[in-house]
Amino acid sequence: MKNLKVDVAIIGAGTAGLGAYRAVKAAGLGAVIIEGGPYGTTCARVGCMPSKLLIAAAEAAHSAAHTAPFGVHVEGPIRVDGAEVMDRVKRERDRFVGFVLDSVDGLPQEDKIRGYARFLSDTTLQVDDHTRIEASRVVIATGSTPVVPDSYKALGDRLIVNDDVFYWDDLPRRVLVVGPGVIGLELGQALARLGVHVRLLGRSASLGGLSDPEVKASALAAFQAEFSVSLNTRIVSAARDGDEVEVRWADADGRESLERFDYLLMAAGRRPNLDHLQLENTSVVLDETGLPHFDRRTLQLGASPIFIAGDVDGELLFLHEAADEGRIAGENAARYPKVQPGRRRAPLAVVFTDPQIAQVGVHFKGLPTSGVVFGEVDFANQGRSRVMLKNRGKLRVYADQYNGRFLGAEMAGPSIEHIAHLLSWAVQQEMTVPKMLEMPFYHPVVEEGLRTALRQAASQLTLAREPLQRVKSA
Ligand SMILES: Cc1cc2nc3c(=O)[nH]c(=O)nc-3n(C[C@H](O)[C@H](O)[C@H](O)COP(=O)(O)OP(=O)(O)OC[C@H]3O[C@@H](n4cnc5c(N)ncnc54)[C@H](O)[C@@H]3O)c2cc1C
Ligand SMILES: NC(=O)c1ccc[n+]([C@@H]2O[C@H](COP(=O)([O-])OP(=O)(O)OC[C@H]3O[C@@H](n4cnc5c(N)ncnc54)[C@H](O)[C@@H]3O)[C@@H](O)[C@H]2O)c1
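As a convention, each chain's residues are numbered from 1 in the sequence order in which they are written. Chains carry letters and ligands carry numbers; both start at the beginning, A for chains and 1 for ligands, and go up in the order they are written. Where totals are concerned, whole chains, interfaces and linings use all residues; where local detail is concerned, this predicted model gives features only for residues with pLDDT of at least 70, and gives and counts side-chain atom pairs only at 80 or more. Hydrogens and water are ignored here; the side-chain numbers use all heavy atoms of the structure.

S.K.: Just checking my understanding: could you explain the layout of surface pockets for this structure?
M.R.: Over the atoms, a rolling probe the size of a water molecule traces out where space has been left empty. We place a 1 Å grid over just the protein atoms. Points where a 1.4 Å probe fits but has no way out form a cavity, open points with protein on both sides within 12 Å along at least 5 of 7 lines form a pocket, and any residue with an atom within 4 Å of a point lines it. Grid points are joined across faces, edges and corners, and a volume is the space filled by probe spheres set on the points. Approximately 320 Å³ is the volume found for the second largest pocket. Just so you know the grouping, Ala, Val, Leu, Ile, Met, Phe, Trp, Tyr, Cys and Pro go in nonpolar, Asp, Glu, Lys and Arg go in charged, and all remaining residues, Gly too, go in polar. In terms of residue class, the lining of the second largest pocket is made up of four nonpolar, four polar and five charged. Annotation comment: domain bounds sourced from an automatic or database domain assignment. Each of domain 1 (2-146 + 271-335) and domain 3 (348-458) gives at least three residues to the lining of the second largest pocket.

Set out below in structure tokens:
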């Protein structure tokens, strides 16, 4: 058994863990980073980057197949070569992973420990059965794993998760996607556009994380016009038959269907990688679901010398949040016990479907029940969106009725990744709707649709009247 003593031990060399490691080293302390799986990060290897590569191929196929309304005719069938599609996805993915591997290669050899870590106490870690580490502080950055209900496990290698898709050598013929969340929608639509027969089933009314019912209805209509998406369904049975999966499912009205697929892609959410850490050996307080209590601002677990960062805290499963949290946890581990709140950014989430989906600031479901004004634009008749034949979806903005402060927005539509950025910057700058309307809007751009929504919200503000009413009622 090898014994080590170090200031800070970081568990997990993903985006959050590497960020934490860099922050500890920048503070002049010693650190080790422990990794049990392959280096390269979830984002680069099986997450953000390969999914966007698959989506890019799907967009190319979709555009090629939809030129006719412009009077442009591509003669003959559009041929998607699945092997070539997957080859590019994997080649480019490996390039992105390569950048991470280069940066890991650059770390001092003695700082890198290979193996899976578990806690023996707050400050003692066991890595596999070869190394014991005494660390004054520990950062948990172990990421998340797809949730796979036990009842599906008999499907064997015909049951897949997002990771498996990015190791395919060719595209399959038929895929059942379970879960209309972010991953299910992104991968489901991309595969459908590449010619795979896709059915996407959800067990509730949820869709891509949206909470605004009007935006959700608009997004659902857009997706359903293109491929098979059914909500409020129930999978009655899923059984393996040879190399196929036979699925019986019931729609919202209870009508049952029987269908065969090559794969069942489980995209029903992710859970934190905490199971094997043996947190029960520490002083950390766990809630009834086994998740540790932590301070969102400092990322400290109670008063312990243990910090948490990235997907594993189960809060904001996005790359930029994992990077921020890694830095904050690393800085606080370095300055422990004098921890400080870290700077957090305005909430921003983008789903790379078509239409894209985004949420910014306060979500619809988090709005107060009164004192909020709404503005909206339906992209169906928005000038530039119609010019491009991308006129699907809806955007709704929320503002404080009395001080005009822009609170947040939910949206589905064209150019949404960019509009969502503008809006998240406005949230972080604490702008009011009238102030936002003072900003330039070029013509003709999709952002003119945003202006329509902002104007509608502005017209309902009671900025001047409110103080008067207060005086009257006093
Ligand atoms: C398909 C998909 C698409 C996505 N697309 C986007 C996107 O477009 N934009 C976006 O912002 N986010 C996206 N995400 C989310 C984003 O990838 C994650 O939020 C981010 O990668 C989380 O980083 P992390 O450092 O917390 O975890 P990870 O990168 O997963 O790192 C955790 C590491 O810990 C290791 N580990 C686990 N347990 C132990 C242990 N006991 N001992 C040692 N090592 C351990 C793991 O092997 C892993 O390497 C996507 C995710 C998926 C799955
Ligand atoms: N573009 C991005 O930023 C991006 C892309 C992919 C993933 N991510 C991150 O990864 C996280 C996880 O993604 P996800 O799509 O796995 O989870 P999710 O929580 O977004 O969606 C899961 C969906 O599955 C449904 N569901 C759950 N159990 C089910 C069952 N048994 N049958 C049918 N439907 C079921 C849920 O109702 C929900 O709609 C996201 O929340 C996101 O933070 C981000």
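Don't stop here, the text continues.
S.K.: Please clarify how the site of ligand 2 should be interpreted in this entry.
M.R.: We call a residue near a molecule or strand as soon as one heavy atom of that residue lies within 4 Å of the molecule or strand. Around ligand 2 there are 20 residues in total, and Ile183, Glu186, Ser206, Leu317 and Val350 lie nearest to it. Identification of polar contacts relies on pairs of N or O atoms within 3.5 Å, with a donor-acceptor requirement for protein atoms, meaning one able to donate a hydrogen and the other able to accept it, and with residues adjacent in sequence counted only if both atoms are side-chain atoms. At 2.8 Å, a backbone N or O of Val350 approaches a nitrogen atom of ligand 2. What sets the accessible areas is the Shrake-Rupley method with a 1.4 Å probe; for residues, cover comes only from the shown protein chains. Out of a free accessible area of 850 Å², ligand 2 has 78% covered by protein chains. Segments assigned H or I by DSSP are reported as helices when at least four residues long, segments assigned E as strands when at least two residues long, and all are numbered from the N terminus. Take the shell around ligand 2: its biggest share by element is three residues, from helix 6 (residues 182-193). Of the residues that constitute the shell around ligand 2, the class distribution is eleven nonpolar, six polar and three charged.

S.K.: Just checking my understanding: could you explain unusual backbone geometry for this structure?
M.R.: In most cases, non-glycine residues show a negative phi, while peptide bonds are predominantly trans. Cis geometry is found at the peptide bond from Asp354 to Pro355, where omega equals 0°. Within the secondary structure, Pro355 sits in the loop between strand 18 (348-351) and strand 19 (356-361). The amide bond that connects His443 to the next residue, Pro444, takes the cis arrangement and shows omega of -5°. Summarising the element assignment, Pro444 is placed in the loop between helix 11 (433-437) and helix 12 (447-458). A positive phi angle, near 70°, is found at Thr41, a position not held by glycine. Exposure is judged per residue with a 1.4 Å probe applied to protein chains only, and the accessible area is read against the type maximum: over 50% gives exposed, under 20% gives buried, and values in between give partly exposed. When its relative accessible area of 12% is taken as the criterion, Thr41 is described as buried.

S.K.: Where do I start with the domain arrangement of the chain in this structure?
M.R.: Note: interface size is frequently given as the accessible area lost on complex formation between the parts. Partitioning the chain into structural domains gives domain 1 (2-146 + 271-335), domain 2 (150-268) and domain 3 (348-458). Taking the mean C-alpha position of each, domain 1 and domain 3 sit 31 Å from one another. Only heavy atoms matter for contacts: two residues are in contact if any of them lie within 4.5 Å across the pair. Every contact between the two is made by six residues of domain 1 and, on the other side, six residues of domain 3. Buried surface area refers to the total accessible area, computed with a probe of radius 1.4 Å, that the two partners give up upon joining, counted for both partners together. A buried area of about 530 Å², summed over both sides, lies between domain 1 and domain 3, and 68% of it is on carbon and sulfur atoms.

S.K.: What's the story with the pattern of salt bridges in this structure? I'm lost.
M.R.: Working definition: two side chains of opposite charge can pair if their charged atoms are close together. Just to be clear on terms, a salt bridge is a Lys or Arg side-chain nitrogen sitting within 4 Å of an Asp or Glu carboxyl oxygen. In the structure shown here, the tally under the stated rule is 39 salt bridges. We note a salt bridge from Glu244 to Arg174, for which the minimum N-O separation is 2.8 Å. Within this pair, whereas Glu244 is found in strand 13 (residues 244-250), its partner Arg174 is found in strand 9 (residues 174-178), the two being separated by 70 residues in sequence. Close ionic contact of Asp354 with Arg392 constitutes a salt bridge, the shortest N to O distance being 3.3 Å. Note that Asp354 is positioned in the loop between strand 18 and strand 19 and Arg392 in the loop between helix 9 (383-387) and strand 21 (394-400), a separation of 38 residues in sequence. For Asp354, a relative accessible area of 16% corresponds to the buried category. In the salt-bridge network here, residues are joined through shared partners; they are Arg174, Asp241, Glu244, Glu246, Arg260 and Asp262.

S.K.: Would you take a moment to explain a nonpolar patch on the surface for this structure?
M.R.: Residues enter patches when their relative accessible area tops 30% and they take part in no salt bridge; the joining distance is 9 Å for like charges and 5 Å for the nonpolar side chains Val, Leu, Ile, Met, Phe, Trp and Tyr. A surface patch of nonpolar side chains, about 280 Å² in accessible area, is lined by Phe70, Val72 and Leu389. Take Phe70: it is sitting in the loop between helix 3 (48-65) and helix 4 (82-105). Under the relative-accessibility criterion, Phe70 is labelled partly exposed at 46%.

S.K.: Can you help me understand helix 12 in this one?
M.R.: Because the α-helix completes a turn every 3.6 residues, residues three or four places apart line up on one side. The span one expects for a helix is its residue count, reduced by one, times 1.5 Å. The end-to-end C-alpha distance of helix 12 is 16 Å, a good match for the 16 Å that twelve residues give at a rise of 1.5 Å each. Burial in helix 12 covers these residues: Glu448, Gly449, Leu450, Arg451, Ala453, Leu454 and Ala457. The elements touched by buried residues of helix 12 are strand 20 (372-378), strand 21, helix 10 (416-428) and helix 11.

S.K.: Would you mind showing me how to read the sheet that holds strand 13 here?
M.R.: Paired through backbone hydrogen bonds, the strands of a sheet run either parallel or antiparallel to each other. At least two DSSP bridges between two strands are needed for those strands to be called paired. The sheet built from three strands is open, its strands ordered 12-13-14 with antiparallel pairing. Two strands bound the open sheet, and with one partner strand each, they are strand 12 (234-241) and strand 14 (256-261). For this sheet, the mean inter-axis angle between neighbouring strands, taken without regard to orientation, is 15°. Relative to strand 13, strand 12 runs antiparallel, the two sharing seven bridges. Bridge assignment links Ile235 to a residue of strand 13, and that residue is Trp249. All axes here are fitted lines through C-alpha atoms, helices being fitted over the stretch that makes contact, and every angle between N-to-C directions spans 0 to 180 degrees.

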